[in-house]
Amino acid sequence: MASTQTNIASTPMPPTGTMPASAPGTATAAGSLLVSLVPLAPEALETMLANLSLAFAGETVLVATPDAAPQLSSDSPLRLLPYTVTTVSTTPWILTAADYLNTYKLAQENRASACVLLGAESQTLHPEAIRALGKSALQTDLTTAHYNLGPREGLVNSAILYPVTRALFGTRPRFPLAIDLGLSLRMAERLAAVAQRFTAAGQNDAFLWPLSEAAIAGYSIAEVNIGPRVLPQPVTPDLNTILTQIAGSLFADVDAKASFWQRARGVQPPYPITQSAPVAEPPPDIASMLEAFRFAYTNLHEIWSLVLPPNSLLGLKKLSLLHPESFRMPDNLWARIVYDFILAYRLRTINRGHLLGALTPLYLAWAASHLTLISSGTAPEKHIQDVAVAFETDKPYLVSRWRWPDRFNP
Amino acid sequence: MWQQVELALSQSAHRVLVKLAIFLPALVALLLALIILTAIGAGLAALVRRFLTAAKFDERLARNAIAPISDWSPANSPTALIARVVFWGCVIVGCFIGISAADAAYPGDSQVSAYIIPYIARSVGAVLILIAGTVIARFLERSVLIGAVNAKLQYARFLSLGIKWLVLVLTAAMVLDHLQIGGAVVELAFGILFGGIVLTLALAVGLGSRDIVSRSLERSTTFDPIPVDPDFKSTPTETLRHF
């Protein structure tokens, strides 16, 4: 694998599989783990530092924080590394290119061998979860957090991010855009190299996709269940803007890494499905979602027909005629729609901003279908896994049309 | 009498033949210049395309992630865009050279190119305005349509069509003005049409958004702060989270 050309100084790394491992209970070598925090409120920072002290009791851990840190007692295991945030993030609810770059620079300067990057509201993380992330970071190149979300939360992740990442890059973690990560130094270096391309272009708030980077580099990937956590929500409540941002970033990443995922093989083993309490009633938003979809069907049909093949348009037509209680978008139809949008993004069939805007009502249709299904007793995770399998099954279609876009497509 | 008629006819025929003898070489010169420059343009475009393809220009541009040029390029390729610009640039230069050559074929006192070249330049400008206007109209139409549909505005299609025709009418007026056709009539017609469309849209949006506007005004005129109950705990009425 060719290394990425950057102006970041390269750090000699131990070969794969020889990452220093710390057994539970043993003291970590001084400065071996760096915990990087994003800006937190003073009370939240105090809670966070207390949690870190509990998580790494008896070990020495470097804590990078951009906030004014309180005085720590001499017996505290934490060594604070204040740093200055150069630009205020417009998307503080997610990790951005600047966060990855800062973390790597601090890790390199302080000779840390692994990093734990914690996103906003990290004070709500349980100390055990932080410890698990830190431990995994010392053993694995990339550790992502697995969140226990409610059945009606993280729908964009379930609909697009997770199935696309899993199907194309053959990775298993459930949250490709997790905001709590464990990184080996070489993984942090790789991500910093990617981040630097964005920051050099003035895009400090660009999103990075650690899973696809790790998959391309052939690095080890792990997932840690971190239990309950308050997940920060976007500052802008406008779904269209945020979906455009996230889906656009994912599609661009898919476009940039086409040479890898076209070759990548492998179907992920079934995910363990946790039994969650059945959702009794559909939330009131389903009606407005369906209304949005039907309204879009009558108005955006012309634009969709530029992107979607006739078969998908027929599927949407049938969908638009369904009653709310029986509204169900087939998984293969949704997979085909997302793949066709990825293709249109690559081919620039229409302006990319328009393309991503036209995806929003279709996503709402999927969300309405998902919520209707889980309200009928189906476990949410089962449906999400079924969707992911549908994406894996339909991957040959994407590969084929990626290579031969003009081939006849019914 | 008959001799005078015969003389006049023969002189007329002579003048026609002389004009034809001057015009035909001028036309040949014009066509020749156009064909040669078109061939040169095609060659240059092919060369540029081959060079940029070899240099992986598209990939480099995409990798830099700061490529607004790609959004304007045909069929997803900035290389194709540059090649086309080179080709059509040569064709336009060919037009100018051809007209100059045609002008040179006329006697010294003729100033055909002095009239035609500026008008051709105006025509090229008008065509560019027309293309830009059409592209902008389509872009704005889709932007407004998608934005309005996502905002669930019931008059989304009407609004997008209004914007499209607004831009198209503006473009048409600009093109005619650029070509100096119509004069004051175009300005007057444009003013009436443009004003009419704006008024129609304003009425449609105003009437359609009456409730939204009144709610907004009510909110902005309510100055009394609501007393805060310290024991009050907000209950999440909506648990749906997309992110």
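These numbers come from a predicted model, not from an experiment.

To continue, consider the sheet that holds strand β3 (residues 78–82) of chain A. All names here are of chain A. With mixed pairing, seven strands are arranged side by side in an open sheet as β3-β2-β1-β4-β6-β5-β7. Each of the sheet's edge strands pairs with one partner strand only, and the pair in question is β3 and β7 (221–227). Strand-to-strand, the axes of this sheet are offset by a mean angle of 20°, without reference to chain direction. Bridge analysis of strand β2 (residues 61–65) against β3 gives five bridges, and the strand direction is parallel. What sits directly across from V61, in β3, is L78.

Attention now moves to the domain arrangement of chain A. Residue and element names in this part refer to chain A. Domain annotation for chain A reports domain 1 (33–261) and domain 2 (285–403). Using only C-alpha atoms to locate each centre, domain 1 and domain 2 end up separated by 29 Å. In this complex, domain 1 contributes 22 residues to the contact, which on the side of domain 2 involves 24 residues. For the side of domain 1 that touches domain 2, the secondary-structure elements that each account for two or more residues are α4 (155–169) and α7 (239–256). If you tally residues by element for the side of domain 1 that touches domain 2, the top one is α4, at 10 residues. By residue class, the composition of the side of domain 1 that touches domain 2 is 15 nonpolar, four polar and three charged.

To continue, consider unusual backbone geometry. For A:R348, which is not glycine, the phi torsion reads 55° and is therefore positive. Within the secondary structure layout, A:R348 lies in the loop between α11 (331–347) and α12 (352–375). Of note, the phi angle at B:K56 is positive, near 50°, even though the residue is not glycine. Along the chain, B:K56 turns up in the loop between α1 (2–54) and α2 (57–64).

Right, let's talk about the domain arrangement of chain B for a bit. When the parts of a complex come together, some accessible area is lost, and that lost area is often taken as the interface size. All names here are of chain B. Here chain B is described as being made up of domain 1 (13–110) and domain 2 (113–208). Listed per partner, the contact involves six residues of domain 1 and five residues of domain 2. For the side of domain 1 that touches domain 2, the class distribution of residues is four nonpolar, one polar and one charged.

This brings us to the interface of chain A and chain B. Each partner contributes to the interface: chain A provides 31 residues, whereas chain B provides 23 residues. Going through the elements one at a time, α4, α5 (185–200), α7, α9 (285–307) and α12 of chain A are the ones with two or more residues in the side of chain A that touches chain B. Looking at the side of chain A that touches chain B element by element, the count peaks at seven residues for α9(A). Taken together, the residues of the side of chain A that touches chain B break down into 16 nonpolar, 10 polar and five charged.

Turning to the nonpolar core, a few remarks are in order. A:L33, A:V35, A:L52, A:C115, A:L183, A:L191 and A:A368 are the most contacted members of the largest nonpolar core, which totals 139 residues. When residues of this core are assigned to their parent elements, the largest contribution, 14 residues, is made by α12(A). Those residues in contact with A:L183 that sit more than four places away from it in its chain are A:A114, A:C115, A:L117, A:A137, A:L142, A:A188 and A:L191. The next biggest cluster of nonpolar side chains, apart from the first, holds 13 residues, and it includes B:L30, B:A83, B:C90 and B:A102.

Residue and element names in this part refer to chain A. Secondary-structure assignment places L359 in helix α12. You can call L359 buried: it has 25 C-beta atoms within 10 Å. Distance from L359 to L101, taken between C-alpha atoms, is 31 Å for residues 258 residues apart in sequence. Setting aside anything within four residues of it in sequence, one finds L359 in contact with L243, A247 and F341.

Attention now moves to the packing of α5(A) against helix α6 (residues 210–217) of chain A. All names here are of chain A. Between α5 and α6, whose axes approach to 10 Å, the crossing angle comes to 115°. Relative to α6, the crossing made by α5 is right-handed. Within the contact between the two elements, α5 uses M187, R190, L191 and V194 and α6 uses P210, E213, A214 and A217. For the contact of α5 with α6, the class distribution of residues is six nonpolar, no polar and two charged.

Take helix α13 (residues 380–393) of chain A next. Residue and element names in this part refer to chain A. Taking 1.5 Å of rise per residue, the 14 residues of α13 would be expected to cover 20 Å, and the 20 Å separating its terminal C-alpha atoms lies within 8% of that figure. For α13, the full list of buried residues reads P380, I384, Q385, V387, A388, V389, A390 and F391. Here the buried face of α13 lies against α4, α11, α12 and α14 (395–403).

Let us now look at the pairing of strand β5 (residues 142–147) of chain A. Residues and elements named next belong to chain A. Of the pairings in the sheet, the one linking β5 to strand β6 (residues 180–184) comprises three bridges and is antiparallel in character. Bridge pairing in β6 places T143 opposite G182. Here β5 runs beside β7; their pairing, made up of six bridges, is parallel. Each residue of the ladder has a partner; that of T144, found in β7, is E223.

The next subject is the pairing of β2(A). All names here are of chain A. In terms of burial, β2 is a largely internal element, five of the five residues being buried. Alternating positions in β2 separate into two faces, V61, V63 and T65 on one and L62 and A64 on the other, with burial throughout. Alignment of strand β1 (residues 33–37) against β2, held across three bridges, turns out to be parallel. Bridging from a neighbouring strand, S36 pairs with A64 of β2. On the question of chirality, the crossover connecting β1 to the parallel β2 by way of helix α1 (residues 42–55) is right-handed.

Before going further, it helps to spend a moment on the confidence of the model for chain B. Residues and elements named next belong to chain B. Here chain B averages 79 in pLDDT, while 77% of its residues score no lower than 70. The secondary-structure element of chain B with the lowest mean pLDDT is helix α3 (residues 69–72), recorded at 54, while helix α6 (residues 156–178) shows the highest, at 90. Every residue in residues 223–238 scores below 50 in pLDDT, and together they form one contact with partners more than four places removed in sequence or on other chains. As scored by the predictor, the complex reaches a pTM of 0.78 and an ipTM of 0.81.

Conventions we followed
Residues numbered from 1 in each chain as written. Chains lettered and ligands numbered in written order. Predicted model: local features only at pLDDT ≥ 70, side-chain atom pairs only at ≥ 80, totals over all residues. Pairing = 2+ DSSP bridges. Helix = DSSP H or I, 4+ residues; strand = E, 2+ residues; numbered from the N terminus. Axes fitted to C-alpha atoms, helices over the stretch in contact; angles between N-to-C directions. Domains from an automatic or database assignment. Contact = placed C-beta atoms within 7 Å. Nonpolar A, V, L, I, M, F, W, Y, C, P; charged D, E, K, R; others polar. Core = buried A, V, L, I, M, F, W, Y, C linked by C-beta atoms within 7 Å. Buried ≥ 20, exposed ≤ 12 C-beta atoms within 10 Å, placed from the backbone. Left-handed = near helix turned anticlockwise from the far one by under 90°. Expected span 1.5 Å × (residues − 1). Right-handed = clockwise from strand over helix to strand, strands pointing away. pLDDT = per-residue confidence, 0-100.

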